[in-house]
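Observations on chain architecture
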Amino acid sequence: LLTFASDLLMVFIAWELMSIPSYVLTGFRKKDPNSNEASVKYFIISAFSSAVLLYGISLVYLVTGSTSIYVVIHDASTIQPVAILALTFVLAGFGIKLAAVPFHMWIPDAYQGAPTIVSSLLSAGTKVATFAPVARIFFILFAAHIFQVDWSLTFAVLAVLSMTLGNFAALTSKSITRILAYSSIGQAGYILVGFAAGGPSGLTGSFFHLLNYAIMQSGAFLAAAVIIRALGSDDLDSFDGVGKRMTVAPLALTLSLLALGGFPPLNGFWSKLVIFYS
């Protein structure tokens, strides 16, 4: 529903339908304090983002008189400040869900506390589903005359911050699940590069990388889950020499990480090439 919704209220309802089961899955290990803490943090931050998004939608309705993404605005020259405010709130609401910097702080705790299989679903499934309405809203609704502000520059700033902080924070982490969580933030930055570039080539690159990211990130989390289950720890030091004890999972994790890094000839290289070309 979130991917195909053409009305802002349907986007919001679909978002909530996706989010509420996510909180339950994050806290699936009921006797684990870390899982409970992750679920509560995820719930509080996501509820806040929902409120921010809903307020932005109400401002869009004030400007356009409709909640349809495909609405035609005839004359709204007198409420330009409200239009800019609406765009800001909608961007902030989606930014929290997409975990773009500076709205990213809930991601590492949620992914580390949740069962690793659930983290795979959250990082690949929910994020990919959220990018689709973001593209539709910003390239159709906010492309109207009244919303003509330089939001592409905003996407560019968010992309640079997300790529930089996500990758540098991953370097200092000792937990494999936190490293993959920060990788998710960095990859969101690469996807936003295509949004900042705009046009058919930018969107093509973003959605091409979204597809590859979903495959690579879920593959990395699933391989890590197998290794963590065998080792009983997600500490990076415990992964030393794991290739001698296991074969398939370490190889899958290595290939997924190389693809996330954009090493040729793996799929991550080609989608990043299209993004930066745009």
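Summarised in this report is the structure supplied together with it. Per chain, the residues get numbers from 1 upward, laid out in the order the sequence is written. Given that this is a predicted model, residues contribute local features only at a pLDDT of at least 70 and side-chain atom pairs are listed and counted only at 80 or more, while totals for whole chains, interfaces and linings are drawn from all residues. In computing side-chain values, all of the structure's heavy atoms are included and hydrogens and water are not.

**A short note on the overall build of the chain**
Secondary structure follows DSSP: runs of H or I at least 4 residues long count as helices, runs of E at least 2 residues long count as strands, and numbering of each begins at the N terminus. If you tally the helices and strands in the chain, you get 11 helices and 0 strands. Ordering the α and β elements of the chain from the N terminus gives α-α-α-α-α-α-α-α-α-α-α. Against the 2.2 N^0.38 benchmark of 19 Å for 278 residues, the chain shows a C-alpha radius of gyration of 19 Å, consistent with a compact globule. Each of the three principal axes of the chain carries a C-alpha extent, and together these read 70 × 45 × 30 Å. The contact definition used throughout considers only heavy atoms, calling two residues in contact when any of these lie within 4.5 Å. Pairs at least 24 residues apart make up 74% of the contacts formed inside the chain by residues separated by at least 6 positions. A total accessible area of about 12,600 Å² is found for the chain, and carbon and sulfur atoms account for 71% of it. Treating the 13 positive side-chain charges of the chain as one cloud and the 11 negative ones as another, the clouds have centres 10 Å apart. Within these notes, the globule rule equals 2.2 Å times the number of residues to the 0.38 power, and the radius of gyration is based on C-alpha atoms. Computed with a 1.4 Å probe, the accessible areas rest on the Shrake-Rupley method; for each residue, only the protein chains presented here act as cover. We count Lys and Arg on the positive side and Asp and Glu on the negative side, and we leave His and both chain ends out. To locate a charge, the coordinates of NZ of Lys, CZ of Arg, CG of Asp or CD of Glu are taken.

**Examining helix H7 (residues 176–197)**
Taking 1.5 Å per residue, 22 residues should reach 32 Å; H7 reaches 32 Å between its end C-alpha atoms and fits that length. We call a residue buried when its accessible area falls under 20% of the maximum for its residue type, exposed when it is over 50%, and partly exposed in between, using a 1.4 Å probe and counting protein chains only. Within H7, 20 of the 22 residues are buried, leaving the element largely enclosed by the surrounding structure. Backbone geometry just after H7 places Gly198 at a positive phi near 70°. Expected span, for any helix, means 1.5 Å times one less than how many residues it has.

**Examining the pattern of salt bridges**
What makes a salt bridge here is a side-chain nitrogen of Lys or Arg within 4 Å of a carboxyl oxygen of Asp or Glu, nothing more. For the structure on display, the rule yields 2 salt bridges. Asp32 is the partner of Arg29 in a salt bridge, and the nearest nitrogen-oxygen pair spans 3.3 Å. With a closest N to O distance of 3.2 Å, Lys41 and Glu37 form a salt bridge. One end of the pair is Lys41 and the other is Glu37, both in helix H2 (residues 33–64) and 4 residues apart, which spans about a single turn. Given the relative accessible area of 32%, Lys41 is considered partly exposed.

**Section: the packing of H7 against helix H8 (residues 199–231)**
As a rule, the C-alpha atoms of each element are fitted with a line to give its axis, helices using only the stretch in contact, and angles between N-to-C directions run from 0 to 180 degrees. Two elements in contact, H7 and H8, have axes whose closest approach is 8 Å; the angle formed by their N-to-C orientations is 170°. In terms of their interaxial angle, H7 and H8 are classed as roughly antiparallel. Contacts between H7 and H8 pair Ile176, Thr177, Leu180, Ala181, Ser183, Ser184, Gln187, Tyr190, Ile191, Gly194, Phe195 and Ala197 from the former with Gly199, Gly202, Leu203, Ser206, His209, Leu210, Tyr213, Gln217, Ala220, Phe221, Ala224 and Ile228 from the latter. Across the contact of H7 with H8, the residue classes tally to 14 nonpolar, 10 polar and no charged. Note on terminology: angles under 35 degrees are roughly parallel, angles over 145 are roughly antiparallel, angles of 65 to 115 are roughly perpendicular, and the others are oblique. All amino acids are sorted into three groups, where Ala, Val, Leu, Ile, Met, Phe, Trp, Tyr, Cys and Pro are nonpolar, Asp, Glu, Lys and Arg are charged, and the leftover types, Gly among them, are polar.

**Here we look at the environment of Tyr213**
Within the fold, Tyr213 resides in helix H8. For the pair Tyr213 and Ser256, spaced 43 residues apart in sequence, the C-alpha to C-alpha distance is 9.4 Å. Polar contacts, as counted here, are pairs of nitrogen or oxygen atoms within 3.5 Å of one another; within protein the pair requires one atom able to donate a hydrogen and one able to accept it, and residues that are adjacent in sequence qualify only if both atoms are side-chain atoms. A polar contact of 2.8 Å, which involves the side chain of Tyr213, links it to the side chain of Ser184.

**Things to note about the packing of helix H1 (residues 8–26) against helix H5 (residues 116–139)**
Put simply, H1 and H5 touch, their axes get as near as 11 Å, and they point 170° apart. Relative to H5, the element H1 lies roughly antiparallel. For the pair H1 and H5, contact is made by Leu8, Val11, Met18, Ser22, Leu25 and Thr26 and by Val118, Leu121, Leu122, Thr126, Ala129, Thr130, Pro133 and Ile137, respectively. Split into classes, the residues belonging to the contact of H1 with H5 amount to 10 nonpolar, 4 polar and no charged.

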